[in-house]
Amino acid sequence: MASLPGHLHRGTVSKPSKIIQSKKQIIAEYKLRLKNNINSLNQNFKHILTALKVQTEESAHKNNQSGRMTEYYAVRYEMSSRAALMMRAADELLKLNNDIKEFLILRDFNFLSNSIQSAKDRCENELKQYETSYDSLRVETSNILADIDKEDEEQHENAAVCHVEIANIYGRTGNQFQQRLHSIEAAKLFFLAKYARFSLNISVISEYLPLMNEFYLKAIHKAIHSGYTKIAGMTCLELACKLLKLEKFEDAHRYLVQGNRFIQSNTYVQLAIIDKMVTCGLRIQEIDELLSDLVAIWNSIMRNQPLQAECNIILLHLKQQSSIKILPKSFLTTYDNEKRNPKSSVLDPDEYEVVTKFIKAIKGRDFPTASSLYLIHFIHYLNKLGKTIAKDLVESIRPKYSIR
């Protein structure tokens, strides 16, 4: 009986040691499983990337067709097997996660919790460092981009100044042709500098726009002085296109009219002028003068123009009259008569009938008739710009209530 207490004492001492030993073994097993699965993922992924490498040596492409197919299938099956091994490793990691959760639920001990907390704190500190380094890198990158934009702008300005000096030198030597060319180049570079600021929405006042206008006008005056009126007209149109990109629609309208005065025999150029003026009319509040200029251009080239130009002018007049209460006598009065006047319109009788019905429907705010005419007939007479204006007109008379 004396040996019983000693036996009990040895049992009570050895049991906790076995529990601690079993815990250490389990943790070591978990660590080993984690290490092996992570290594499996990394190694297989590296081998997949290695298999993706394209052989650039000429000797690799001189093999026969059977060797290439063998290599292809070998690489294909290798990548499939390695992808399967990666899936297996990921599945093992999920199982390990579940085993760890079960282990923590059944055996709650402090040192594992402390190690997890310390790892979490270490991870948070590293994350903060990464965020700080990322912010500094982002600020540095933005500063570099700003410097690059500034250098580009300065390059345009410096190049423009060089062309101005060259134009002055040719002017002193009496070479007006080269003076005009370099004036145009300087104006284009001033436009690029202004457009760079405009695209970035920089509201700082700069002298690029006045300088661009100045040198374009110098080139126009030199062309007129030399007797090249058509070149002067094309330069006016180029200036108007630059102003349209900068959303200076009133100035663009003025130079479009001047360009048309110099170019009155080129039908296609006048068609382009009409489209540009219609674009200006959509963005200008007071367009009475623009409408009269449009009608004047149309009347001068009416016999040689296609259908779309006449329809665009009609639609712009309709859009203007739909925004005012009193309808003045205008270009639209030509289409009040049911019979077509061949001297004032290039439309055939059927097209003329559709256009007159559409005008009456818009004026009378008859949405069903206007929408049906637009979708069935009128849409086939229009280009892209005309379709946009006609759609806006039809939508403007759509009733705001619905009958069920």
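Everything quoted here is computed from the prediction, not taken from an experiment.

**Q** What exactly am I supposed to notice about the overall build of the protein chain here?
**A** The number of helices and strands found in the protein chain is 13 helices and 0 strands. Going from N to C terminus, the protein chain has its helices and strands arranged as α-α-α-α-α-α-α-α-α-α-α-α-α. Of all 404 residues assigned to the protein chain, the portion counted as buried reaches 30%. Excluding contacts between residues fewer than 6 apart, the proportion of contacts in the protein chain whose partners are at least 24 apart in sequence is 64%.

**Q** Would you mind going over helix H6 (residues 229-245) with me for this structure?
**A** One turn of the α-helix equals 3.6 residues, which is why residues spaced by three or four share an orientation. For H6, which comprises 17 residues, the first-to-last C-alpha distance of 25 Å matches the rise-based estimate of 24 Å (1.5 Å per residue) to within 8%. The set of residues buried in H6 consists of Ala232, Gly233, Thr235, Cys236, Leu237, Leu239, Ala240, Lys242, Leu243 and Leu244. Lining the buried residues of H6 we find helix H4 (176-199), helix H5 (208-226), helix H7 (249-262) and helix H8 (267-281).

**Q** What should I look at first to understand the packing of aromatic side chains in this one?
**A** Note on aromatic pairs: each is described by the distance of the centres and the angle between the planes. Per the counting criterion, the structure on display carries 4 aromatic pairs. Between Tyr72 and Tyr73, the ring centres sit 5.0 Å apart and the planes meet at 65 degrees, which makes this aromatic pair edge-to-face. For Tyr72, a relative accessible area of 45% gives the class partly exposed. One aromatic cluster is present, formed by Tyr72, Tyr73 and Tyr77 through successive ring pairs. The ring of Tyr255 has Arg254 lying over it, and the distance from NZ or CZ to the ring centre is 5.0 Å.

**Q** What's the story with a nonpolar patch on the surface in this structure? I'm lost.
**A** On the surface, a nonpolar cluster with roughly 420 Å² of combined accessible area is contributed by Met69, Tyr72, Tyr73 and Tyr77. Looking at the element boundaries, Tyr77 is found in helix H2 (residues 65-106). Taking relative accessible area as the criterion, Tyr77 reaches 54% and is therefore assigned exposed.

**Q** Looking at this model, I keep getting lost on unusual backbone geometry. Mind explaining?
**A** Keep in mind that most residues, glycine aside, have a negative phi and that most peptide bonds are trans. Phi at Glu247 is positive, roughly 60 degrees, even though this residue is not glycine. In this structure, Glu247 sits in the loop between H6 and H7. Classification of Glu247 as partly exposed rests on a relative accessible area of 43%. Its identity is not glycine, yet Arg365 carries a phi of approximately 55 degrees, on the positive side. Turning to its location among the elements, Arg365 is positioned in the loop between helix H11 (349-363) and helix H12 (367-376). Arg365 gets classed as exposed once you look at its relative accessible area, which sits at 52%.

**Q** Honestly, the nonpolar core in this entry has me stumped. Any pointers?
**A** As a rule of thumb, nonpolar side chains are buried together in soluble globular proteins. Membership of the largest hydrophobic core comes to 70 residues, with the highest contact counts inside it found for Met212, Leu315, Leu318, Phe358 and Phe378. Setting aside chain neighbours within four positions, we find Phe358 in contact with Leu315, Leu318, Ala370, Leu373, Tyr374, Phe378 and Val394. Ile26, Ile27, Leu96 and Phe103 belong to the second-largest nonpolar core, a separate cluster that totals 6 residues.

**Q** Which parts of the structure should I look at to understand the pattern of salt bridges?
**A** Pairing of side chains with opposite charge becomes possible as their charged atoms draw close. In total, this model carries 8 salt bridges according to the counting rule given. A salt bridge links Asp91 to Lys95, with the shortest nitrogen-to-oxygen separation between them at 3.8 Å. Of the two residues, Asp91 and Lys95 both sit in helix H2, 4 residues apart, roughly one turn of that helix. The class of Lys95 is partly exposed, set by a relative accessible area of 41%. Between Glu214 and Lys218 there is a salt bridge, with the nearest N and O atoms lying 3.5 Å from each other. Of this pair, Glu214 and Lys218 both sit in helix H5, 4 residues apart, which is roughly one turn of that helix.

Conventions used here
- Residues numbered from 1 in each chain as written.
- Predicted model: local features only at pLDDT ≥ 70, side-chain atom pairs only at ≥ 80, totals over all residues.
- Heavy atoms only, no water.
- Helix = DSSP H or I, 4+ residues; strand = E, 2+ residues; numbered from the N terminus.
- Buried < 20%, exposed > 50% of the residue type's maximum accessible area, 1.4 Å probe, protein only.
- Contact = heavy atoms within 4.5 Å.
- Expected span 1.5 Å × (residues − 1).
- Phe/Tyr/Trp six-rings, centres within 6.5 Å; stacked < 30°, edge-to-face > 60°.
- Lys NZ or Arg CZ within 6 Å of the ring centre and 35° of its normal.
- Patch = residues over 30% accessible without salt bridge, like charges linked within 9 Å, V, L, I, M, F, W, Y side chains within 5 Å.
- Areas by Shrake-Rupley, 256 points an atom, 1.4 Å probe, with all protein chains shown as cover.
- Salt bridge = Lys/Arg side-chain N within 4 Å of Asp/Glu carboxyl O.
- Core = buried A, V, L, I, M, F, W, Y, C linked by side-chain atoms within 4.5 Å.

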